[in-house]
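# Descriptive structure summary
The chain contents come next:
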Amino acid sequence: MMPRAFFSIALVLSLGLGGCSTKPVIVSGDGPEEPVFTSERLIASDVESPFQINDPLEGFNRTMYRFNYHADRWVLMPAVRTYRFLIPQPLRTGVRNFFNNFFNIRTVFNQVLQGRPVRAMQTTGRFAVNTTLGIAGLFDVATHAGMPYHREDFGQTLGVWGFGPGAYLVLPFFGPSNIRDGAGLAVDSAFQSWLDPLNFDDHPSRQYIYYPLMILDTRDKVAFQYFRTGSPFEYELVRRLILTVREIEVAK
Amino acid sequence: MRFLLIALLFVAAPGLCANDYAYPINNPFLATVLGTPEPLRAVLPEKAKLKIKRLSRADWEMPAAMWYSERLEYSYRLQRGSAPMIFLIAGTGGFHNTGKNLPLLKAFYQAGFHVVGITSPTHSQFVVAASTTGVPGHQKNDAEDIYRVMQQIRDDIGHQDRITGYNMAGYSLGATNAGFVAELDSRQRVFNFERVLMINPPLSIYSSISKLDRMLQNIPGGMDNFGLYFNNIVQAITGAYKQSSTVEFSPELVFEAFKDNPPTSEELGALIGIAFRLASSAMIFTADERTDFGFIKPSNVRLTKNTSLGAYGQVAVRVGFTDYYHEFFWPFYEPKYPDESRDSFVRLHSLYAIEDYLRGAPNVAVFHNQDDVILAAGEIDFFPEVFGDRATIFPNGGHLGNLEYSVNMAKIVGYFK
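Residue indices follow the written sequence of each chain, beginning from 1 at its first position. Note on labels: chains are lettered from A, ligands numbered from 1, in written order. The predicted origin of the model limits local features to residues at a pLDDT of at least 70 and limits the giving and counting of side-chain atom pairs to 80 or more, whereas totals for whole chains, interfaces and linings rest on all residues. Based on all heavy atoms of the structure, the side-chain values leave hydrogens and waters out of the count.

## Structural notes on the overall build of chain B
Keep this limit in mind: Runs of H or I in DSSP of at least four residues are treated as helices and runs of E of at least two as strands, each being numbered from the N terminus. When we talk radius of gyration, it's over C-alpha atoms, and the globule rule is simply 2.2 Å times the number of residues to the 0.38. The buried label applies to any residue whose accessible area, calculated with a 1.4 Å probe on protein chains only, is under 20% of its type's maximum; exposed applies above 50%, and partly exposed to all values in between. Working definition of accessibility: Shrake-Rupley area with a 1.4 Å probe, residue cover restricted to the visible protein chains. Counting rule for charge: Lys and Arg are taken as positive, Asp and Glu as negative, and neither His nor the chain ends is counted. To locate a charge, take NZ of a lysine, CZ of an arginine, CG of an aspartate or CD of a glutamate.
Secondary structure assignment for chain B yields 16 helices and nine strands. Taken over C-alpha atoms, the radius of gyration comes to 20 Å for chain B, in line with the 22 Å a tight globule of 417 residues would show. For chain B, the spread of C-alpha atoms along the principal axes amounts to about 60 × 60 × 45 Å. For chain B, with 417 residues in total, the buried portion stands at 64%. By element, 51% of the accessible surface of chain B is carried by carbon and sulfur atoms, the whole surface being about 15400 Å². A gap of 8 Å separates the mean positions of the 37 positive and 42 negative side-chain charges of chain B.

## Description of the packing of helix 3 (residues 101–110) of chain B against helix 16 (residues 406–416) of chain B
Residues and elements named next belong to chain B. To keep it simple, the criterion reads: Each axis is a line fitted through C-alpha atoms, and for a helix only the stretch in contact is used; angles between axes span 0 to 180 degrees, taken between their N-to-C directions. Here is the rule for angles: anything less than 35 degrees is roughly parallel, anything more than 145 is roughly antiparallel, 65 through 115 is roughly perpendicular, and the remaining ranges are oblique. Crossing chirality is assigned from the near helix's rotation relative to the far helix, an anticlockwise turn below a right angle marking it left-handed and a clockwise turn marking it right-handed. In this description, contact between two residues means that some pair of their heavy atoms is separated by no more than 4.5 Å.
Where helix 3 meets helix 16, the closest approach of the two axes is 10 Å, and the angle between their N-to-C directions is 50°. It follows that helix 3 is oblique to helix 16 by the angle criterion. Helix 3 and helix 16 meet at a crossing whose hand is right-handed. Contacts between helix 3 and helix 16 involve Pro-103, Leu-104, Ala-107 and Phe-108 on the former and, on the latter, Met-409, Ile-412, Val-413 and Phe-416.

## Observations regarding the packing of aromatic side chains
Stated precisely, the cut-off is as follows: When the centres of two rings from Phe, Tyr and Trp lie within 6.5 Å, Trp using its six-membered ring, the rings pair. Their planes under 30 degrees apart give stacked, over 60 give edge-to-face, and anything left gives tilted. Any Lys NZ or Arg CZ that is within 6 Å of a ring centre and within 35 degrees of that ring's normal is treated as a charge sitting over the ring.
If you walk through the whole model with that rule in mind, you get 57 aromatic pairs over all chains. Taken together, a centroid distance of 6.3 Å and an interplanar angle of 25° make the contact between A:Phe99 and A:Phe103 stacked. Given the relative accessible area of 3%, A:Phe99 is considered buried. Taken together, a centroid distance of 6.3 Å and an interplanar angle of 75° make the contact between B:Phe113 and B:Phe416 edge-to-face. Placement of B:Phe113 in the loop between helix 3 and strand 4 (114–118) and of B:Phe416 in helix 16 is noted, with a sequence separation of 303 residues between them. Residue classification places B:Phe113 among the buried positions, given a relative accessible area of 4%. When the ring centre of B:Tyr109 is taken as reference, the NZ or CZ atom of B:Arg77 above it lies at 3.9 Å. A cation over a ring is seen here: B:Lys305 above B:Trp67, with NZ or CZ 5.5 Å from the ring centre.

## Thoughts on the pairing of strand 6 (residues 195–199) of chain B
Residue and element names in this part refer to chain B. Just so we agree on the cut-off: Any two strands between which DSSP finds at least two bridges are classified as paired. When the strands point away from the viewer and the path from the first strand over the helix to the second turns clockwise, the crossover is right-handed.
By the criterion of burial, strand 6 is predominantly enclosed, with four of the five residues buried. Note that strand 5 (residues 163–171) and strand 6 share five bridges and pair parallel. Within the sheet, the bridge partner assigned to Tyr-171 lies in strand 6 and is Ile-199. The parallel pair strand 5 and strand 6 is bridged by helix 6 (residues 173–188), and the resulting crossover is right-handed. Strand direction decides the pairing type here: strand 6 and strand 8 (residues 364–369), joined by four bridges, are parallel. Paired with Met-198 across the strands is Val-366, a residue of strand 8.

## A few points about the interface of chain A and chain B
Threshold: Definition used for salt bridges: Asp or Glu carboxyl oxygen within 4 Å of a side-chain nitrogen of Lys or Arg. In protein, a polar contact requires one atom able to donate a hydrogen and another able to accept it; more generally it is a pair of N or O atoms within 3.5 Å, and residues adjacent in sequence count only if both atoms are side-chain atoms. Under the grouping applied here, Gly and all other residues not named as nonpolar or charged are polar, the nonpolar ones being Ala, Val, Leu, Ile, Met, Phe, Trp, Tyr, Cys and Pro and the charged ones Asp, Glu, Lys and Arg.
With 54 residues of chain A at the interface, the matching set in chain B holds 61 residues. Summed over the shared surface of chain A and chain B, the number is one salt bridge. For B:Glu73, the salt bridge identified is with A:Arg228, shortest N-O distance 2.7 Å. For the pair chain A and chain B, the number of links is 18 residue pairs in polar contact (both at pLDDT 80 or more). Those elements giving two or more residues to the side of chain A that touches chain B turn out to be strand 1 (25–26), helix 2 (39–42), helix 3 (58–86) and helix 11 (234–251) of chain A. Take the side of chain A that touches chain B: its biggest share by element is 10 residues, from helix 11 of chain A. Across the side of chain A that touches chain B, the residue classes tally to 27 nonpolar, 15 polar and 12 charged. Judged from the two bridges that link them, strand 1 of chain A and strand 7 (residues 301–302) of chain B form a sheet pairing that is antiparallel. Residue pairing in the sheet places A:Ile26 in a bridge with B:Val301 of strand 7 of chain B.

## Observations regarding the packing of helix 10 (residues 265–291) of chain B against helix 12 (residues 321–333) of chain B
All names here are of chain B. Viewed as axis vectors pointing N to C, helix 10 and helix 12 meet at an angle of 20°, and their least axial separation amounts to 11 Å. Our classification of the angle between helix 10 and helix 12 gives roughly parallel. Pair helix 10 / helix 12 crosses with left-handed handedness. Contacts between helix 10 and helix 12 involve Phe-276, Ser-280, Met-283, Ile-284, Ala-287, Asp-288 and Thr-291 from the former and Phe-321, Tyr-324, Phe-328 and Phe-332 from the latter. Considering only residue class, the contact of helix 10 with helix 12 consists of eight nonpolar, two polar and one charged.

See the structure below:
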């Protein structure tokens, strides 16, 4: 379980680094000088704002956000560029199809827990078709056949069960999330290692193919890059954006 | 919905256009948001294959909270053999390789030019890394900054034996920048630009920003609904973000987000206003942070890498371009311009300031739209009057809505051939 141990160490390390204050530093005088524009002057207090989100872990989150930028810039993106350069597009599509199909297992598990038998049947059918006709999932036959695609994780299941998102949480490597979905991620991976569909227990070397490819494919399909949105308020806007995405995904 | 709309436009278009120019969207606000329907766009390569590089760090003190913007990025791609080069300046808040810069860079490269994409001087990264004063919008200063950056890029790229000449293009505010850079080059003669193309420039920046600020009055329910409305916009961006190849809080991405589901006519103005508000909030806050002016951030506090910016952000999106002009820009520059007033200073940041140059510059042309929404009534007449037959005015297209239309793209590329 080496890769997971690596993530755990990174998580613990990053928690230790995250205690910094989120307050600005006053460099002269007793308090901040009054700027030309303040929220008191401009905005009625009952007006909703996308910038006001409860973020008790902000110090940790901001540190993690920067950590992710560096991990992305110096490790993940160079690896992804090498992957794109070395592996031809059809093979990369095969890899993507494989993981999409493989994660159907997780989706079925969660659809059952959410009490959605019809969707669980659809996903099972999809998995059966792609695993057999699609040769272990390398080809996405099911989509061509018009079979519906769903993607569910345990964070969404908790949402369906009525758990709120909890505080915003930026996870190392995985990026922006929230407490509920972070916990969901842990449950999903625990479920996967318990089920062990690729039989890592008997063939530990398979992990050395599975994890690197899974990480490369996951990063490859996300367009987002840290600190490239052109806004100094990127952290705040991405926070609003991600929390919204998850609300929509839970409601779907 | 989208196809229905496009089909409708196709049916409606021929009857409404007098000549054979067939850009199909006649509502200028809708054109600005929707751009050009896919089937009518110029055919361009799927990938631009641009190289991205960063210039070395400037020697002024960088704000700690904006550590990620310390070096100015640019993108370029060279032809294999000898060719002329085109520098392309992005519009308000635009990055060197995204938004409308991307199709233009592809088209220029496809037509056989070396291409260089330059970030707008109003983009946060430019304000931190390349703006000498840190207070953007000052056309003469911005032109000097861009001119210096162009020379740095030229030296950074090298291969000067393969560059047979220099050209420049810009759209929106980038077009105004291009005009001022061309004027500067006519005196300093570093590049001796062979051809310069200004696409949909504002005539007077102050007049255009006032118009953009006013568009926000169309927010349903008034300005107190700003937060709610802004949230809806973020939600729509979220939808677009899942399909988009870049994630950027720029006007163009906001429009992208609403392509499939444009709002009603009255709300289109609000959408355009808010899209530019995203760009202005970034620019203004960065300028405030660079200079410690005390506009939104108290002048005597320093932001660290971890400082929470939410409280400043919500103020920054509520402050307009015109507030910036009156309470930051003009007070900042006033001591250096004892002969100017708040009102006369506006003129220095309009094309009137370089009108004489533009009248007599055979190598500078302009493309514009009769119904561009950033121009005030009557301003369009300036262009044929000053540029003469170097002005091409299209009957419709709003603000850059027709930029990717195959007819426009062919004319844009054709101008440099």
